[in-house]
Amino acid sequence: MPRKLKYHEQKLLKKVDFLDWKQDRNLREVRVLRRYHVQDREDYHTYNKVCGLVTQVCAAAADAAAASRPPCRPPPPPQS
């Protein structure tokens, strides 16, 4: 059994919500939820994950396209 908390420790723990503490500190997320009238926080998280995956796929496709391109060559001189 854990030890009994000291007075100042109890006072500090009253201010902490262990269920929602990460969610409350994300001001950007709260602003986006309000601005776009998103009802469920989980919908926002799912949307964020999908956007991240799309960004990763686009970056990988761009890298693959850049690697498969032949090196740039200067145009041949004009023949007269």
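Use the structure listed above.
Residues numbered from 1 in each chain as written. Predicted model: local features only at pLDDT ≥ 70, side-chain atom pairs only at ≥ 80, totals over all residues. Heavy atoms only, no water.

### Here's the deal with helix H3 (residues 27–35)
Along an α-helix, residues three or four positions apart point the same way, because every turn accommodates 3.6 residues. Threshold: When a residue's accessible area, from a 1.4 Å probe over protein chains only, is under 20% of the maximum for its type it is buried; when over 50% it is exposed; and in between it is partly exposed. For helices the rule is a DSSP run of H or I covering at least 4 residues; for strands it is a run of E covering at least 2, with both sets numbered from the N terminus onward. The directions from the helix axis to the C-beta atoms form the arc being described. The contact rule is simple, with two residues in contact once any of their heavy atoms fall within 4.5 Å.
Where H3 is concerned, the buried positions are Glu 29, Val 32 and Leu 33. Looking down the long axis of H3, one finds its buried residues gathered within 100 degrees of arc, a one-sided arrangement. In H3, those exposed residues whose orientation departs by more than 90 degrees from the buried face are Leu 27, Arg 28, Arg 31, Arg 34 and Arg 35. Buried residues along H3 sit in contact with helix H4 (41–68). Just downstream of H3, His 37 is the residue with a positive phi angle, here 55 degrees.

### Considerations on a nonpolar patch on the surface
Quick reminder of the rule: Patch rule: a residue counts if its relative accessible area is over 30% and it has no salt bridge; like charges are joined within 9 Å, and nonpolar side chains (Val, Leu, Ile, Met, Phe, Trp, Tyr) within 5 Å. For the area figures, the Shrake-Rupley method with a 1.4 Å probe applies, and any residue is considered shielded solely by the protein chains shown. Salt bridges are defined by distance alone: a side-chain nitrogen of Lys or Arg within 4 Å of a carboxyl oxygen of Asp or Glu.
Side chains of Leu 5, Leu 13 and Val 16 sit close together on the surface and give an oily, nonpolar patch of about 210 Å² of accessible area. Secondary-structure assignment places Leu 13 in helix H1 (residues 7–14). The exposure class assigned to Leu 13 is partly exposed, which follows from its relative accessible area of 37%.

### Some remarks on the side chain of Glu 29
The test is simple: Throughout this description, a polar contact denotes any pair of N or O atoms lying within 3.5 Å of each other; where both atoms belong to protein, one of them has to be capable of donating a hydrogen while the other can accept it, and for residues adjacent in sequence the pair is counted only when both atoms sit in side chains.
Following the sequence through the fold, Glu 29 ends up in helix H3. A polar contact of 2.7 Å, which involves the side chain of Glu 29, links it to the side chain of Arg 41. Not counting residues up to four positions away in its chain, the partners in contact with Glu 29 are Arg 41, Tyr 44 and His 45.

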